[in-house]
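Architecture and fold: a report
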Amino acid sequence: MRGFSGCFQWILLAVLTSSAWGSENPPVAKYVFLFIGDGMSVPQRMMAEEFQQEVHKKGLVMNSFPYQVLTKTPSANSFITDSAASGTAIACGEKTNNGRIGTDPTGKRLESIARTAHKSGRRVGILTSVTLNHATPASFYGYNDSRGNYYSLGLDLIHSGFEFFAGGAIDRYNDEKDGKFQGNIYELAQKEGYQVFHEKSDLSKIEPGMGKVILCRKDGALPYAIDAEEGDLELVELTRKGIEMLDNPQGFFMMVEGGKIDWMCHANDAGTVLRETIHLDEAIQVAYEFAQKHPDETLIVVTGDHETGGLTLGFAGTGYQSYIHRLQFQKCSQDVFRSRLQKELEKLPKDAKWEAIQPLLTESFGLAFTEDRENPMRVRSAERKMLEEAFQNSFQEKKISASPLTTTTVRLFNNKAGLAWTTNAHTALPVNTTAYGVGAEVFSGMIDNTDIAKKLRPILQQPAVSSK
């Protein structure tokens, strides 16, 4: 009931609040943070809010911000957007077709608010949990008719001149098959004046005053928060380092993306989505703490580029009851579970019973194969039948595949938490945009995703005035 009423409070506040300033007299925000949860809409935020309230007795920082507004997400050519079109809308303030980065439907280049901030003298940081030339981050520095031209977008990245990039790798950084191939992008970045680092241990080596920096994995995205191990780069510490590197008398603009929320929404893995959403909120907490030290100079905006998965906060099998707290029993992402399960299946003798893999299901999701009816995670007879059938389907004629049992296990676990999904793709649900700090009051009513850039650009066009 707490999360349900909270959602209506947001909508009511969005409807009743009015804008206090126009583009003629925008406030001066020296520091501007823009956080984007890829695939994160009302359901993802409310799921994480309810979990935090139930398990940790506190809500999300992003949901506590005083200005809340619903945001529409359609692209120029589709009611349901992709991340390239939505990223471009948020970054540049104009609609484009799905698949395009930083250009309008005709191919005309658009100026992002990151470039506007750079022109005004602010330093710029682009951070993400996915690869640095993925659709959303690329929308702030790149220009391309196709989001899939990763190498070309990597060239745009190093030619942007932005001071700090951090997150996953630059995808296809050495793609010799690309028609624009000029060499290894990491090596080219050094020629462009960047210092390039790839390890968590490098954090201590990166200090203010050393110039432009790229801190990213050599390959691939950051690990999911639920799977992270000591030594892995994480979005929270990258945000903290970004502030340290970008802070200066002219201020900065920082975009931070929680990109892997979307990936596990596509996979309908609520437990992993939960941890990714909370981890993004922890990065927002870092920015919020910075804002407390600079209350008259900082603006924080949090949004999503679209909803993914059609997450529903309710399931027919649990009626009006919600058990979101049960998501705490999940110990690894669906990807890691599938990998472990694959290894277990391949080790089994041909006549093995499905009970042989039950311990892995218990370890990974807390599923209890017991007759104790008081155990909330007890696997009922009908559920056992589903799992056993999926186990049998794992053994195909010439191949062993963990996918059938992985999908069934995760769906069953989601349902026990009172959650369900409608699709493995994007939806047209509006997203929440919340704001805190200098000029935050402009985020009111119901807006379009292009309005985010339109509201931020007047602020970022102004040279920051230091109060120090």
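Residues numbered from 1 in each chain as written. Predicted model: local features only at pLDDT ≥ 70, side-chain atom pairs only at ≥ 80, totals over all residues. Heavy atoms only, no water.

Per the counting criterion, the structure on display carries 12 salt bridges. In this structure, Asp448 engages Lys95 in a salt bridge whose closest nitrogen and oxygen atoms are separated by 3.0 Å. Of this pair, Asp448 sits in strand E12 (residues 446–448) while Lys95 sits in the loop between helix H4 (83–92) and helix H5 (113–119), placing them 353 residues apart in sequence. Judged by relative accessible area, which is 16%, Asp448 ranks as buried. Its relative accessible area of 26% is what places Lys95 among the partly exposed residues. Close ionic contact of Glu237 with Lys200 constitutes a salt bridge, the shortest N to O distance being 3.5 Å. Here Lys200 lies in the loop between strand E5 (195–197) and strand E6 (213–216) and Glu237 lies in helix H9 (residues 235–246), a separation of 37 residues in the sequence. The buried category is assigned to Glu237, whose relative accessible area is 15%. Within the structure, one salt-bridge network assembled from shared partners comprises Glu111, Lys119 and Arg457. (Salt bridge = Lys/Arg side-chain N within 4 Å of Asp/Glu carboxyl O. Helix = DSSP H or I, 4+ residues; strand = E, 2+ residues; numbered from the N terminus. Buried < 20%, exposed > 50% of the residue type's maximum accessible area, 1.4 Å probe, protein only.)

As a further point, take the packing of H9 against helix H11 (residues 270–293). Describing two packed helices takes the angle between their axes plus the distance from one axis to the other. Contact geometry of H9 with H11 gives a least axis separation of 8 Å together with a crossing angle of 25°. With respect to their mutual orientation, H9 and H11 come out roughly parallel. H9 and H11 meet at a crossing whose hand is right-handed. Only His279, Leu280, Glu282, Ala283, Val286, Ala287 and Phe290 of H11 make contact with H9, whose side of the interface consists of Leu235, Val236, Thr239, Arg240 and Ile243. Its residues assigned to classes, the contact of H9 with H11 shows eight nonpolar, two polar and two charged. (Axes fitted to C-alpha atoms, helices over the stretch in contact; angles between N-to-C directions. Parallel < 35°, antiparallel > 145°, perpendicular 65-115°, else oblique. Left-handed = near helix turned anticlockwise from the far one by under 90°. Contact = heavy atoms within 4.5 Å. Nonpolar A, V, L, I, M, F, W, Y, C, P; charged D, E, K, R; others polar.)

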